[in-house]
Amino acid sequence: MTSEDFRAAAHTAADLAADHLAGLADRPVWQPMDDAARSTLLDAPLPAAGRPLAELLAAVEKDVLPYPMGNGSPRFFGWVNSAPAPAGVLATLTAAAMNPSSAGGDHADVHLERAVVRWIAELVGFPHPAGGGLLTSGTSMATIVCLAAARGRAARAAGWDVREDGLAGMPPLVGYVTGETHSCVRKAAELLGLGSRHLRTVATGPDGLLDVAELRAAIERDRAAGLLPFLVVASAGTVGTGAVDDFDPIADLCAEQRLWLHVDGAYGAFGVLDPAIAHRYTGMARADSLALDPHKWLGVPVDCGCALVRDSEELRSTFSLVPSYLRDEAAGSLGWFSEYGTEQTRPFRALKVWATIAHRGRDGLAQDIARCTALARRLGELVEADDELELMAEVQTSIVAFRHRAAGATGAAIDAVNRELPVAVQRRGRVFVTGARLAGHEVLRACLLNAATTEADLALLLTEVKAAARELAGPPVDAR
Ligand SMILES: *Cc1c(COP(=O)(O)O)cnc(C)c1O
């Protein structure tokens, strides 16, 4: 292949990407794949002989691009999946062309990652000592990184070297979560050998926030039983309703009890950029660690999470296998990223983060985020004004939890309809919304992450939900 072949193909690839992004608003948000299209991918035989780039691009155009997940569309309200920031899309090509391993060394990607991690910390107002964080594949991995540091500190305080000796023989370390906490925390606790049995589910108030009095009582019970409370996980935006915990009283209790406070800000931490809701985040900066996802509200193309840790030495002492006497302390060196997390060879995620933030600037990002929260509040109003719909939680950030309620319908019937509704709405192709279980009810939850979404899109979402509900109810009795 000549460099001219590559250049020609790269131009075609750029056109495909641009056409894809430009066409998103005018096509169905998502459609089920037909059997033949699915089989083309699923059953693709291993090619013995190679094919020219132009043919591969033609195959991508025909077999891949027509079948997106849907999250590029302004009418996609599902889960927590954003449209890609265009600057970030472009950056992925350049980053791949350079293809470094961002483990460490004196090359652009390593320095850029230091800078963008600091930018992320500055965006959300989290303290950032040099070395106090790194980019990860997502918040699931960032949570493992942060909780490993928390585990190390707690074990050390109890006289154990968990890296050398493991946890066997130690009194159990106990962590505190709520029923709204994302499953990645349990996964991290299981992987770190803590045991999900030692994660206590603390009650929440009617607003879905962690109840601090219940937390205190649970900690006291566990101490009395000879266990070692060490961790509290609070949420800067739960997946179900976008609720933000009241951080100050939780941080006070953690300081008093010497517990590690971890905040899961995967979805919602960047909401602090919106002056209208920034007050909800008071005290978030007091956490020992914060996990968040640039690949959600910032729109950095997947994958990109970030772990921020208040004390960078906690991180390094958890993961570094470089003996301290070999570290380049004299030069003030931070060492390698591989001393601060689980990965050795690491991708050049920093360039797409740099491009995404630099393209919009802090002010542009804040505007986009404020637009999403305003849209969410508007959607909440539209739901409340509609007799067929019911708002199921206060709109705190940019997630709206609601359900369909036909006149005269009762508990089980309402749940049955709302359980079926997400897929019924999705199959119609005009909007995409997903569901959740909330306080024992089946609900729909719309997540607003796309500043290109319009008020007309919100109205369409509700029209579609009601139309799908009628479809599920079947034709009127006299028409059967
Ligand atoms: C998405 C999400 C996670 C998991 O993050 P990944 O990036 O998918 O690994 C954790 N917590 C919350 C609140 C989330 O929204």
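Calculation rules
- Residues numbered from 1 in each chain as written.
- Predicted model: local features only at pLDDT ≥ 70, side-chain atom pairs only at ≥ 80, totals over all residues.
- Heavy atoms only, no water.
- Axes fitted to C-alpha atoms, helices over the stretch in contact; angles between N-to-C directions.
- Helix = DSSP H or I, 4+ residues; strand = E, 2+ residues; numbered from the N terminus.
- Parallel < 35°, antiparallel > 145°, perpendicular 65-115°, else oblique.
- Contact = heavy atoms within 4.5 Å.
- Nonpolar A, V, L, I, M, F, W, Y, C, P; charged D, E, K, R; others polar.
- Near = heavy atom within 4 Å.
- Polar contact = N/O pair within 3.5 Å; in protein donor to acceptor, adjacent residues only side chain to side chain.
- Areas by Shrake-Rupley, 256 points an atom, 1.4 Å probe, with all protein chains shown as cover.
- Phe/Tyr/Trp six-rings, centres within 6.5 Å; stacked < 30°, edge-to-face > 60°.
- Buried < 20%, exposed > 50% of the residue type's maximum accessible area, 1.4 Å probe, protein only.
- Lys NZ or Arg CZ within 6 Å of the ring centre and 35° of its normal.

Two quantities define a packed helix pair, namely the angle between the axes and the distance from one axis to the other. One can describe the packing of helix α6 (residues 139-157) onto helix α11 (residues 312-319) by two numbers: an axis separation of 9 Å at closest approach and a directional angle of 90°. Classified by the angle their axes make, α6 and α11 are roughly perpendicular. Residues V145, A148, A149, R153 and R156 of α6 form the contact with α11, whose participating residues are E314, L315, S317, T318 and F319. For the contact of α6 with α11, a count of residues per class yields 5 nonpolar, 2 polar and 3 charged.

So, on to the site of the ligand. The immediate surroundings of the ligand are formed by 13 residues, with S140, D264, D293, H295 and K296 found nearest. At a separation of 3.0 Å, an oxygen atom of the ligand approaches a polar backbone atom of T139. Interatomic distance of 2.6 Å between a side-chain N/O atom of S140 and an oxygen atom of the ligand. When the free accessible area of the ligand is taken as 380 Å², the share hidden by the protein chains comes to 84%.

Summed over all chains, the structure comprises 5 aromatic pairs. Between F76 and W79, the aromatic rings sit 6.4 Å apart at their centres with planes inclined by 45°, giving tilted as the arrangement. We classify F76 as buried; its relative accessible area is 4%. Assessed through its relative accessible area of 41%, W79 is described here as partly exposed. An aromatic cluster of at least three residues, connected via ring pairs, comprises W30, F76, W79 and F432. Lying across the ring of F337, R114 places its NZ or CZ 4.1 Å from the centre. In this structure, R310 packs its charged tip against the face of F126, placed 5.9 Å from the ring centre.

Function-wise, these values are silent; they only describe arrangement.
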